[in-house]
Amino acid sequence: MSAAELFWRAQDQTWRALWARHQVTRDNAATAAKRLVRSVLLDEQAGPPRFSAGLPITALSDVGEEARQATILTAEGILAGRWHCLGLDRDDISEPDWFYDPVTGRSAPSSTYCFKIDHRCQAVTGNVKQVWELSRMHHITVLAAAFALTKDGRYAERAALDLRSWWASNPFLSGVHWTSGIEVGLRLIAWTWARRLLDGWSGAISLFEGNNMALAQIWWHQRYLGRFRSRGSSANNHVLAESAGQLVASLAFGWYQQSSRWEAQARVLFEEELQRNTFPSGINREMAFQYHGFVAELGLLAGIEADLAGRPLAASTWEMLCRMVDVVAATVDMRTAAPRQGDGDDGHGLLLGPADANRWESLLATGQALFGRLPWWPPCHADTASALMSSMARARSVPGRPPARPSHFADAGLTILRTVTSDGTEIWCRCDAGPHGFLSIAAHAHADALAIEVRYNGVEVLADPGTFCYGGQPEWRQYFRSTIGHNTIEI
């Protein structure tokens, strides 16, 4: 780390220590929320604030029947207590324990001051990715989407029950869910979409803008991101999730005295960091393709929210997002599966259907609606998320798009070799001759220089091993990131 970053990190630790006085406990959460709301709303005397960021009138009719049924079927599973979470089929979320890790059986701290929790230590938190994932609220947005599509109150009532449970269990700065800014940002996106999709439900106002705890939580989350954000060697996809969440929430929930300032700060930060995190070709600099998809999704969500609010992002930002989607179209194989290079944690900005659905088709469907489909693009089918997102933004004509399918991205050192025979058989090969990740810690890159990845008709023949795990089994984690774990030469 540079001297400047070491200074900033020391300063940040000081702020974290000082903020202990702002912690809210479960015992005083209701009182604290009521007192806070009186002081932070733009016009508290005028009654509850008004939510005005609903879906366009025709949006729901744009959702195809197959996508609609996939959302409803997933929501029915949630009502029965089932949810697919990071490769694990859970059957224990009828009344979620927000701190339980089903992998280790441990429970993460729920009342400790967040910055005193070592979330990297499995002995303290269990598998923290599993703990955090449920609190990203993706199952809430699925339930809300199912309500929007069917008007069946069961989905809305269950979404409301879980939201109230989370808000009551996680007051400001208490517990493991306040230890990471990316989680804070993703929750704001989920809450924005939950409120949007519940707009026709009779209990929506009393759940959100008429609920002191909801108003306080939305404000607490934005205040947190206004003070603590990823910088320096960790300004990768984390800072983009943080700034995207802040931007989306400040636009949709512009109810607070600080909303305009939060929006302006998040807008500048997001647009600058998206350019810094992306090669001119449109490939994410982390050299981890799952994060390319994650960042592209965050960018589209932020851009679409800004369009809906009538305050669009810069043309250069939309051009970059278009290049990122074109990269997906250029690199996927015949089964619309992307390269497996580097880390991946199945992260989503928004989920409105099955957790294990093809995220690349969804991205392509959104890109097709926003930028237009190029002749060489693979076919794609819209899911619920891409259909609704597409209905909210205006289409754009982006100049300079590739007239033919590109195979080589020199700045990222990525080459796709592809042979398609007359009978449709495909041999697909990814070659890596690029740099080793992004920033000084190259957090999500692997030691895979000159590695290749080969598929025959979408079946992996020479496979990239991917992530395996993040923290639970460090020896295996090290192996799957090492050179010997890839199709290349180890010296």
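Enquirer: Sorry if this is basic, but what is going on with the overall build of the protein here?
Expert: When helices and strands are counted, the protein shows 17 helices and seven strands. Its C-alpha atoms give the protein principal-axis dimensions of about 70 × 50 × 45 Å. Relative to its 491 residues, the protein shows a buried fraction of 57%. Considering only contacts within the protein whose residues lie at least 6 apart along the sequence, 74% involve residues at least 24 apart. Summing over all exposed atoms, the protein offers an accessible surface of approximately 19,700 Å²; the carbon and sulfur share of this is 53%.

Enquirer: Would you mind going over helix H8 (residues 181-197) with me for this structure?
Expert: At 3.6 residues per turn, the α-helix brings residues three or four places apart onto the same side. Look at H8: 25 Å from first C-alpha to last across 17 residues, which is about the 24 Å you get at 1.5 Å a residue. Burial runs high along H8: 17 of the 17 residues are buried.

Enquirer: Where do I start with the packing of H8 against helix H11 (residues 237-252) in this structure?
Expert: The axes of two packed helices give the description: the angle between them and the distance between them. Across the interface, H8 lies against H11 with an axial gap of 7 Å and an inter-helix angle of 35 degrees. Regarding H8 and H11, the two cross each other, and that crossing is left-handed. Counting all contacts with H8, which are made through Gly181, Ile182, Gly185, Leu186, Leu188, Ile189 and Thr192, the residues of H11 involved are Asn237, His238, Ala241, Glu242, Ala244, Gly245, Gln246, Val248, Ala249 and Ala252. By residue class, the composition of the contact of H8 with H11 is nine nonpolar, seven polar and one charged.

Enquirer: What am I meant to see in the sheet that holds strand S5 (residues 426-432) here?
Expert: Backbone hydrogen bonds are what pair the strands of a sheet, in a parallel or an antiparallel way. One open sheet accounts for five strands, arranged S3-S4-S5-S6-S7; its pairing is antiparallel. At either margin of the open sheet sits one strand with a lone partner, and together these are strand S3 (408-409) and strand S7 (459-462). The sheet strands contacting helix H14 (residues 315-331) are S3, strand S4 (414-420) and S5, and the helix crosses S4 at an angle near 40 degrees.

Calculation criteria
- Residues numbered from 1 in each chain as written.
- Predicted model: local features only at pLDDT ≥ 70, side-chain atom pairs only at ≥ 80, totals over all residues.
- Heavy atoms only, no water.
- Helix = DSSP H or I, 4+ residues; strand = E, 2+ residues; numbered from the N terminus.
- Buried < 20%, exposed > 50% of the residue type's maximum accessible area, 1.4 Å probe, protein only.
- Contact = heavy atoms within 4.5 Å.
- Areas by Shrake-Rupley, 256 points an atom, 1.4 Å probe, with all protein chains shown as cover.
- Expected span 1.5 Å × (residues − 1).
- Axes fitted to C-alpha atoms, helices over the stretch in contact; angles between N-to-C directions.
- Left-handed = near helix turned anticlockwise from the far one by under 90°.
- Nonpolar A, V, L, I, M, F, W, Y, C, P; charged D, E, K, R; others polar.
- Pairing = 2+ DSSP bridges.

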